[in-house]
Amino acid sequence: SDYVHVEANPAYERHAGIPDVVGQKVRTMVPAEADGWVALYRGVLETGQPIRFERTLVATGRELELAAFRIEPAMRRQVAVLFQDVTARKRAELAIRELNETLERRVALALAERKLLVDIVEGTDAFVQVADLEFRWLAINKAAADEFERVFGIRPKVGDCMLDLLAGRPEHRTPLEAAWRRALAGEVFTEIAAFGEPARDRRFYEMKFNLLRGPSGERIGAYQFVYDVTERLRS
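Conventions and cut-offs
- Residues numbered from 1 in each chain as written.
- Predicted model: local features only at pLDDT ≥ 70, side-chain atom pairs only at ≥ 80, totals over all residues.
- Heavy atoms only, no water.
- Helix = DSSP H or I, 4+ residues; strand = E, 2+ residues; numbered from the N terminus.
- pLDDT = per-residue confidence, 0-100.
- Core = buried A, V, L, I, M, F, W, Y, C linked by side-chain atoms within 4.5 Å.
- Buried < 20%, exposed > 50% of the residue type's maximum accessible area, 1.4 Å probe, protein only.
- Contact = heavy atoms within 4.5 Å.
- Patch = residues over 30% accessible without salt bridge, like charges linked within 9 Å, V, L, I, M, F, W, Y side chains within 5 Å.
- Areas by Shrake-Rupley, 256 points an atom, 1.4 Å probe, with all protein chains shown as cover.
- Salt bridge = Lys/Arg side-chain N within 4 Å of Asp/Glu carboxyl O.

Engineer: Which parts of the structure should I look at to understand unusual backbone geometry?
Structural biologist: Trans peptide bonds make up most of the peptide bonds, and negative phi angles are found at most residues other than glycine. Going from Glu 72 to Pro 73, the amide bond is cis rather than trans, its omega being 0°. Residue position: Pro 73 is located in the loop between strand E2 (62-71) and strand E3 (78-85). One non-glycine residue, Asp 20, lies in the positive phi region at around 50°. Its identity is not glycine, yet Phe 135 carries a phi of approximately 70°, on the positive side.

Engineer: What exactly am I supposed to notice about the confidence of the model for the chain here?
Structural biologist: The predicted coordinates should not be examined in detail at positions where pLDDT is low. The pLDDT averaged across the chain works out to 86; a share of 91% of its residues lies at or above 70. The least confident element of the chain, judged by mean pLDDT, is helix H5 (residues 118-123) at 58; the most confident is helix H7 (residues 162-165) at 95.

Engineer: So what exactly am I meant to see when it comes to the nonpolar core here?
Structural biologist: Core analysis: the biggest nonpolar cluster contains 28 residues, and Met 162, Trp 180, Phe 195 and Met 207 have the highest contact counts within it. Put simply, the parts of the chain that give this core at least two residues each are strand E4 (127-132), strand E5 (137-140), helix H6 (142-152), H7, helix H8 (170-184), strand E6 (189-195), strand E7 (203-213) and strand E8 (219-228). Dropping the residues within four chain positions of it, Met 162 is found in contact with Ala 131, Phe 135, Trp 137, Leu 176 and Trp 180. By size, the runner-up hydrophobic cluster in this structure holds 19 residues, among which are Met 29, Val 30, Val 38 and Leu 57.

Engineer: Is there a simple way to think about a nonpolar patch on the surface in this case?
Structural biologist: Taken together, Ile 192, Phe 204 and Leu 233 make up a surface patch of nonpolar side chains, about 250 Å² in accessible area. Positionally, Ile 192 belongs in strand E6. On the basis of relative accessibility, which here comes to 41%, the residue Ile 192 falls in the partly exposed class.

Below you can see the structure in the form of structure tokens.
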């Protein structure tokens, strides 16, 4: 409990970037950031509640994914920490997020000018849909059309009304209409919802809605970027 490394496997150095840690105190190894690490492990020691978290090891610039639990019995005053270096993954996620933000800005600008950047919209992995105030599609990329057809068994196209296509399926139409109605009313938001038949393949989607304005700033519709997050939620 004075935060001395009692044992460490060879992978410690590979993932943390710090060699020969056995016998070293946390406060000696990383004095500038030790208080934060000690506070986390103290909570595990005192409560016995395991934790999972991600944190930057500033001393080596590594992004770490960690799990910590108390070694029983509590009188041993020891915490075990399992961790791995996820720096590459975090950098990739940041790059993708920045790319998506750039893409959304570019698409929003093009739509406001009544232009569709087909090469961008069709090239993204996101499901992109644009609808007017009457729930009619102004644009829908191939990825979104394919997913809509896979989930609902109907192939949508520009000019179709999404509510009409799902008229006979209120269990699907109601949540879809509710989300789009908020966006068409001017609300900008992100939410996660499930669509599909429970007995078949029900998936979870992160839906990002934005308002679509005309050249004079008037409200003319809404657009969304949708990502399948099923596997992320399961992990």
